[in-house]
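# Descriptive analysis of the structure
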Amino acid sequence: VQLQASGGGLAQAEDSLRLSCAASGRTFSTYTMAWFRQAPDKEREFVAAIKRSGGATFYADSVKGRFTISRDNAKNTVYLQMNSLKPEDRAVYYCAASSSVINSSIRDSTMYHYWGQGTQVTVSS
């Protein structure tokens, strides 16, 4: 599967942005989808994930209550709605897909086999 992330940009603190990740292929609904991010000079970190059916979602503590992950299997797209943005949310955001990740490993980037190219999010204070 090929992934194309979009929607990043420059925002001010407390603003909102919505990231999208469009997937190719007819098997999108069989993948667990996730967002990771990487800030300058930092390791890539988990942000959010959503299971195939969209019924179960997972969030990093740092974004819980502010970010919402969702998916539209008919459009082969996963979204990350980011509200109440903070300067520390500044990073390159990547979408990722896995056909085999289990819940206990869902925050582990090595469990994801397919990655989008990343979209930059910058938040000014």
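Calculation criteria
Residue indices follow the written sequence of each chain, beginning from 1 at its first position. A pLDDT threshold of at least 70 governs which residues receive local features in this predicted model, and a stricter bar of 80 or more applies before side-chain atom pairs are shown or counted, although totals over entire chains, interfaces and linings include all residues. Side-chain metrics rest on all non-hydrogen atoms present in the structure, leaving aside hydrogens and water. The way it works is that DSSP assigns letters per residue, a run of H or I at least four long becomes a helix, a run of E at least two long becomes a strand, and they are numbered from the N terminus. Burial classes follow relative accessibility: with a 1.4 Å probe on protein chains only, a residue under 20% of its type's maximum area counts as buried, one over 50% as exposed, and anything between as partly exposed. Two residues qualify as a contact provided that any one of their heavy atoms is within 4.5 Å of a heavy atom in the partner residue. In the analysis that follows, any N or O atom pair within 3.5 Å is treated as a polar contact, provided that within protein one partner can donate a hydrogen and the other can accept it, and provided that, for residues neighboring in sequence, both atoms belong to side chains. Put simply, a disulfide is two cysteine sulfurs that come within 2.5 Å.

With that settled, the discussion passes to the environment of H113. Checked against the element boundaries, H113 lands in the loop between strand 9 (91-98) and strand 10 (114-115). Take H113: its relative accessible area is 45%, and that puts it in the partly exposed class. C-alpha separation for the pair H113 and S98, spaced 15 residues apart in sequence, amounts to 5.7 Å. Dropping the residues within four chain positions of it, H113 is found in contact with A97, S98, S99 and S100. Side chain to side chain, H113 and S100 meet in a polar contact 3.3 Å long.

In this structure the tally under the stated criterion is 1 disulfide. Disulfide partner of C21: C95, at an S-S distance of 2.1 Å. Across the S-S bond of C21 and C95 the torsion is about 60 degrees, and the bridge reads as right-handed. Of this pair, C21 sits in strand 3 (residues 17-23) while C95 sits in strand 9; the two residues are 74 residues apart in sequence, bridging distant segments of the chain. Side by side, C21 and C95 carry an identical accessibility label, which is buried.

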